[in-house]
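# Observations on the three-dimensional arrangement
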Amino acid sequence: MFTKDTIVEDIRHLKGKTWLLKVQAPRLADIIKPGQFCNIKTSEGNYPLLRRPFSICDVEDQSCFFMFDVHGEGTKLMASKKRGEKLNILGPLGNGFGIADNFDTAVFVAGGIGSAPFPFLTKMLPDKKIVTFFGAGNADFVIDYGLKNIKTATDDGSAGFHGTVIELLEKEINNIKGDIKIFGCGPTPMLKALSEFALKMKVNCEISTESAMACGFGICQGCPVDHADEDKFLLICKDGPVFNVRDIKL
């Protein structure tokens, strides 16, 4: 973990409220792993005071990419960055996805901006088959950047399957051959439904959880999640953000 002033190389509007930021960060690009995140200082002043956590979206040579939705003041400032400006980044933080397990097919389950970690994870699994299940409220929120073999579900039926992404996964899971491992990222209700499904089906499944974070490395104790079996909590920033669904209770 280190703090570094990076240089903005590109900022691009993808769709709706979603943006893609590219920064020159060779040291970070060399060591960060899929599923890890960085805490980014969105301004050079003291407002907003707290950094914002963003999962690593992609790595290309000496550059790192972060995908984000514009919601509050911090992300508005991120979207307004210009090429050549500095951006202070703290990272890499947390634990990433386990990619050394024995499986034939990686099944990605993404909800909205929860697709952010999967372009980099896709690159790191060159020898695996990949199927991506993408869920969104409607077609305007479907972002396909860096994804492979996409099966889409929308709540209103405006794109792909009419229903939730978990309902689509339940419908399609038996068509996927060989040993699979599920990787999930998205809003907590989706992750809870995915966890219940994976445990019921006895399928290996890891999920990337999200939370408001102040420090990003365990000092503030502000991002707890319940342990599945023991009377204690884990910290999303330090023990996660990626957890096996067997280990936590959402």
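Keep in mind that what you see is a predicted model, and the values were worked out from it rather than measured.

### Let's talk about the layout of surface pockets
What the largest pocket holds in volume is close to 620 Å³. Together, 25 residues line the largest pocket, and Pro-53, Phe-54, Ser-55, Ile-113 and Glu-210 are the ones closest to its centre. Mapped onto the lining of the largest pocket, the elements with two or more residues apiece are strand S4 (52-55) and strand S6 (63-69). Per-element accounting of the lining of the largest pocket gives the leading share, 4 residues, to S4. Here the residues of the lining of the largest pocket sort into 12 nonpolar, 9 polar and 4 charged.

### What to know about helix H4 (residues 165-172)
The periodicity of an α-helix, 3.6 residues per turn, causes residues three or four positions apart to be oriented the same way. For H4, the full list of buried residues reads Val-165, Ile-166, Leu-168, Leu-169 and Glu-172. Across the axial projection of H4, the buried residues extend over an arc of 155°, all falling on one side. Elements in contact with the buried residues of H4: strand S8 (105-111), strand S9 (129-136), strand S10 (150-154), strand S11 (161-162), strand S12 (180-185) and helix H5 (188-201).

### Notes on a nonpolar patch on the surface
Among the surface-exposed residues, Met-1, Phe-217 and Ile-219 lie close enough to one another that they form a single nonpolar patch of about 340 Å² accessible area. With respect to the helices, strands and loops of the structure, Met-1 is situated in the segment before strand S1 (2-15).

### Considering the sheet that holds strand S7 (residues 86-93)
Through backbone hydrogen bonds, the strands of a sheet pair up, either in parallel or in antiparallel fashion. Here 7 strands make up an open sheet; going across it, the order is S4-S3-S7-S1-S2-S6-S5 and the pairing antiparallel. Each edge of the sheet is formed by a strand with only one pairing partner; in this case those strands are S4 and strand S5 (58-60). This sheet shows a mean twist of 40° between the axes of neighbouring strands, independent of strand direction. Sheet topology note: the strand S2 (residues 18-24)/S6 ladder contains 7 bridges and is antiparallel. Bridging across to S6, Val-23 finds its partner in Cys-64.

### Some points on the pattern of salt bridges
In total, this model carries 10 salt bridges according to the counting rule given. The partner of Lys-22 in a salt bridge is Glu-60, with the nearest N and O atoms 3.8 Å apart. A residue pair is termed long-range when its members are at least 10 positions apart, and Lys-22 in strand S2 and Glu-60 in strand S5 qualify at 38 residues. A salt bridge links Glu-196 to Lys-192; its shortest N-O distance comes to 2.7 Å. Placement of both Glu-196 and Lys-192 in helix H5 is noted, with a separation of 4 residues, approximately one turn of the helix. Classification of Glu-196 as partly exposed rests on a relative accessible area of 46%. Taking the relative accessible area as the measure of exposure, Lys-192 reaches 36% and is therefore partly exposed. The network of salt bridges with shared partners includes Asp-101, Lys-181 and Glu-206.

### Structural notes on the environment of Gly-184
Tracing the backbone shows Gly-184 in strand S12. Classification of Gly-184 as buried rests on a relative accessible area of 0%. For Gly-184 and Asn-95, which are 89 residues apart along the polypeptide, the C-alpha to C-alpha distance reads 14 Å. For Gly-184, the residues in contact, after removing those within four places along its chain, are Phe-97, Val-109, Phe-118, Leu-191, Leu-194, Glu-206, Ile-207 and Ser-208.

### Topic: the environment of Arg-27
Tracing the chain through its elements places Arg-27 in helix H1 (residues 26-31). In this structure, the C-alpha to C-alpha distance between Arg-27 and Asp-239, residues 212 residues apart in sequence, is 23 Å.

### Let's talk about empty space enclosed by the protein
Here the structure, examined in full by the defined rule, presents 2 cavities of 30 Å³ or more. Taken as a whole, the largest cavity holds about 40 Å³ of empty space. Only S1 and H1 provide two or more residues apiece to the lining of the largest cavity. Broken down by element, the lining of the largest cavity gets its largest block of residues, 3 residues, from S1. When the residues that make up the lining of the largest cavity are grouped by side-chain class, the tally is 4 nonpolar, 1 polar and 2 charged. Considered as a void within the structure, the second largest cavity measures approximately 30 Å³ in volume. In terms of lining residues, the second largest cavity is bounded by Lys-15, Gly-16, Lys-17, Thr-18, Asp-140, Phe-141 and Ile-143. Counted by class, the lining of the second largest cavity contains 2 nonpolar, 2 polar and 3 charged residues.

### Observations concerning the nonpolar core
It is characteristic of soluble globular proteins that their nonpolar side chains tend to be buried jointly. One finds Val-107, Val-109, Phe-133, Leu-169, Ile-182 and Leu-194 to be the most contacted residues of the largest nonpolar core, which totals 34 residues. Every element with two or more residues in this core is listed here: S7, S8, S9, H4, S12, H5, strand S13 (205-208) and strand S15 (233-235). The dominant element in this core, judged by the number of residues it contributes, is H5, at 5 residues. When neighbours within four sequence positions are excluded, Leu-194 is seen to be in contact with Val-109, Ile-166, Leu-169, Ile-182, Gly-184, Cys-205 and Ile-207.

Parameters at a glance
- Residues numbered from 1 in each chain as written.
- Predicted model: local features only at pLDDT ≥ 70, side-chain atom pairs only at ≥ 80, totals over all residues.
- Heavy atoms only, no water.
- 1 Å grid on protein atoms, 1.4 Å probe; cavity = no way out; pocket = protein on both sides within 12 Å on 5 of 7 lines; lining within 4 Å.
- Points joined across faces, edges and corners; volume = space filled by probe spheres on them.
- Helix = DSSP H or I, 4+ residues; strand = E, 2+ residues; numbered from the N terminus.
- Nonpolar A, V, L, I, M, F, W, Y, C, P; charged D, E, K, R; others polar.
- Buried < 20%, exposed > 50% of the residue type's maximum accessible area, 1.4 Å probe, protein only.
- Arc of directions from axis to C-beta.
- Contact = heavy atoms within 4.5 Å.
- Patch = residues over 30% accessible without salt bridge, like charges linked within 9 Å, V, L, I, M, F, W, Y side chains within 5 Å.
- Areas by Shrake-Rupley, 256 points an atom, 1.4 Å probe, with all protein chains shown as cover.
- Salt bridge = Lys/Arg side-chain N within 4 Å of Asp/Glu carboxyl O.
- Pairing = 2+ DSSP bridges.
- Axes fitted to C-alpha atoms, helices over the stretch in contact; angles between N-to-C directions.
- Core = buried A, V, L, I, M, F, W, Y, C linked by side-chain atoms within 4.5 Å.

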